[in-house]
Amino acid sequence: MPTVRTGLDVLRDRDFDRLRGRRVGHVCHPASVDSRLRHSADLIAASGLTLAALFGPEHGFSGVAQDLVGVGDSSDCTVRVHSLYGPTFASLKPTAEQLRGLDTLVIDLQDVGSRYYTFQATMLYCLEAAAENGVAVVVLDRPNPLGGVEVEGPAVAPGFESFVGPHSIATRHGMTMGELARLYQAERVPGVSLEVVRCEGWVREMSFEGASLPWVLPSPNMPTPDTAVVYPGQCLIEGTNLSEGRGTTRPFELCGAPWIDPRELARRLTEEGLPGVVFRPASFRPTFQKFAGRDCGGVQLHVTDRAAFLPVRTGLAVLAALRELSGTRFAWRTEEYEFVSDRPAIDLLFGSARERLAIEGGAGWRDLAEAWASEETAFRARREPFLLYP
């Protein structure tokens, strides 16, 4: 039996009492399942409620699309599925027409605890649309796979907001989706009618495995909880021409490029003395995306102590070492990224140009990380009123 009951489990056992008599729209994806792996949309429909519309976030309702791939509308049996990740920035937010006739929008999305992971941005845009159209929102909460204690990484500077950072929160925020919804209500959408159905049994120190809940891929490149643990740092490599391991069976745990010497990279990173992680020299051949079909050298991150591991600082150190070993072959990603074309992807991921400019100026990763300390402290204090769990 699971140690933790998600918001879906709790509402299911109440026979969806909060939704009786309402026309319901539902924002969900393949990981929106109860402890017996039954999908939330199926449970809502089977309960006799009026499920009037479904909404799928990035990667689609079925979760098969790769990153940055627009998804069109579809249908699930007789229910219309609206895409919240189409070809334009406007497609990220439900329209008045899509919300027409709905009384309540139920959001049940498994997050992975990192600001860049776009499901929390989708939730924010849904809160805004719901407030604008007089629709109530119910968020079914789920555990943060990284736990809820640690906060790490920089804030988002004004002018650098995007789909991977729509609001200024820490890179590793240490909050659940329900807690983030409460913060967003207070700081961005005070007019929204919001209810959070809390998890039962979850505490902030708990790992995802400790909750004894099933893991379902929330996106194609998030195959295991181990992936989620390294993602807050390793996703930074997405802002470069280096491989973040997409196209392999260990995305984000593997990283590198065809010109990298695996042993030299592992040696340099080991000398940094980063806690809770071992860098193993690795060779890999992506099957798609960067360097598809080409042999790459790099490392695999093996996290040996999750409590000590600092994913964002580790990712910064990995990025710095890869850049140094790449020499003139290194480049920042410059093509349009998450609907933004006037700023490089790395600036959107960091939340400002500060880190990129400092790296280009020769600053060490430790100096950059020191600059985050005050922002991390400020965010810990900011989030405190919205936390729901001990």
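This text goes with the structure placed above it.
Residues numbered from 1 in each chain as written. Predicted model: local features only at pLDDT ≥ 70, side-chain atom pairs only at ≥ 80, totals over all residues. Heavy atoms only, no water.

Student: For this particular structure, what's the right way to read the sheet that holds strand β9 (residues 277–284)?
Tutor: As a general point, the strands of a sheet are linked pairwise by backbone hydrogen bonds and lie either parallel or antiparallel. With antiparallel pairing, three strands are arranged side by side in an open sheet as β8-β10-β9. Each edge of the sheet is formed by a strand with only one pairing partner; in this case those strands are β8 (254–257) and β9. Recorded for the sheet is a direction-independent mean angle of 25° between the axes of neighbouring strands. Pairing of β8 with strand β10 (residues 296–303), which is carried by four bridges, proceeds in the antiparallel orientation. (Pairing = 2+ DSSP bridges. Helix = DSSP H or I, 4+ residues; strand = E, 2+ residues; numbered from the N terminus. Axes fitted to C-alpha atoms, helices over the stretch in contact; angles between N-to-C directions.)

Student: What should I look at first to understand empty space enclosed by the protein in this one?
Tutor: If a probe the size of a water molecule is rolled over the atoms, the empty space left behind becomes visible. Within the structure shown, the criterion is met by three cavities of 30 Å³ or more. Volume-wise, the largest cavity comes out at about 160 Å³. Around the largest cavity, the lining comprises 18 residues; the ones closest to its centre are Glu58, His59, Asp67, Tyr231 and Arg246. The space that makes up the second largest cavity amounts to roughly 90 Å³. Around the second largest cavity sit 13 residues that line it, and Ala31, Gln110, Arg142, Phe208 and Pro214 are the ones nearest its centre. A class-by-class count of the residues in the lining of the second largest cavity yields seven nonpolar, three polar and three charged. (1 Å grid on protein atoms, 1.4 Å probe; cavity = no way out; pocket = protein on both sides within 12 Å on 5 of 7 lines; lining within 4 Å. Points joined across faces, edges and corners; volume = space filled by probe spheres on them. Nonpolar A, V, L, I, M, F, W, Y, C, P; charged D, E, K, R; others polar.)

Student: Teacher, can you tell me more about the state of the cysteines here?
Tutor: Such a bond, covalent and formed between the sulfur atoms of two cysteines, is termed a disulfide. This model, assessed by the stated rule, comprises zero disulfides. Its sulfur unpaired, cysteine 28 is 11 Å from the next cysteine sulfur, which belongs to cysteine 126. Cysteine 255 carries a free sulfur, and the closest cysteine sulfur to it, the one in cysteine 296, is 10 Å from it. Cysteine 255 sits in the buried class, given a relative accessible area of 0%. (Disulfide = S-S within 2.5 Å. Buried < 20%, exposed > 50% of the residue type's maximum accessible area, 1.4 Å probe, protein only.)

Student: For this particular structure, what's the right way to read the nonpolar core?
Tutor: Side chains of a nonpolar character, in soluble globular proteins, are inclined to be buried together. Formed by 104 residues in total, the largest nonpolar core has its most connected members in Met123, Leu127 and Val137. The dominant element in this core, judged by the number of residues it contributes, is helix α4 (residues 119–132), at nine residues. Excluding anything up to four places from it in sequence, leucine 127 contacts Val137, Ala181, Tyr184, Val189, Val192 and Leu194. If you look at the next biggest cluster of nonpolar residues, it comprises 20 residues, including Val10, Cys28, Leu43 and Phe61. (Core = buried A, V, L, I, M, F, W, Y, C linked by side-chain atoms within 4.5 Å. Contact = heavy atoms within 4.5 Å.)

Student: Whenever I open this one, the packing of aromatic side chains confuses me. Can you help?
Tutor: Two descriptors summarise a pair of aromatic rings, namely the distance from one centre to the other and the angle between the planes of the rings. Here the structure, examined in full by the defined rule, presents 13 aromatic pairs. Where phenylalanine 89 meets phenylalanine 339, the ring centres are 6.5 Å apart and the plane angle is 75°; that geometry is what we call edge-to-face. Here phenylalanine 89 is found in the loop between β4 (79–83) and α3 (96–99), whereas its partner phenylalanine 339 is found in the loop between α8 (311–326) and α9 (345–350), with 250 residues between them in sequence. Residue phenylalanine 89 is classed as partly exposed on the basis of its relative accessible area, which comes to 44%. Phenylalanine 339 gets classed as partly exposed once you look at its relative accessible area, which sits at 23%. Counting every residue linked through ring pairs, the aromatic cluster contains Tyr85, Phe89, Tyr125, Phe163 and Phe339. Positioned over the ring face of tyrosine 389 is arginine 198, at 5.3 Å from the centre of the ring. (Phe/Tyr/Trp six-rings, centres within 6.5 Å; stacked < 30°, edge-to-face > 60°. Lys NZ or Arg CZ within 6 Å of the ring centre and 35° of its normal.)

Student: Is there a simple way to explain the pattern of salt bridges in this structure?
Tutor: Opposite charge on two side chains lets them pair, provided their charged atoms get close. The full count for this structure, using the stated rule, is 36 salt bridges. The residue arginine 313 makes a salt bridge to glutamate 376 at a minimum N-O spacing of 2.9 Å. Remark: glutamate 376 occurs in helix α12 (residues 373–383) and arginine 313 occurs in helix α8; sequence separation between them is 63 residues. For the pair formed by arginine 313 and glutamate 376, the shared burial category is buried. Taking the shortest distance from any N to any O, the salt bridge between aspartate 347 and arginine 356 comes out at 2.8 Å. Since its relative accessible area comes to 2%, aspartate 347 is described here as buried. (Salt bridge = Lys/Arg side-chain N within 4 Å of Asp/Glu carboxyl O.)

Student: Would you explain α8 in this entry?
Tutor: Each full turn of the α-helix corresponds to 3.6 residues, which orients residues three or four apart in the same direction. Counted at 1.5 Å a residue, the expected span for α8 with its 16 residues is 22 Å, and the 22 Å between its end C-alpha atoms agrees. Within α8, 12 of the 16 residues are buried, which leaves the element mostly enclosed by the surrounding structure. Taken together, the buried positions of α8 are occupied by Pro311, Val312, Arg313, Thr314, Gly315, Leu316, Ala317, Val318, Leu319, Ala321, Leu322 and Ser326. Backbone geometry just downstream of α8 places glycine 327 in the positive-phi region, at approximately 60°. (Expected span 1.5 Å × (residues − 1).)

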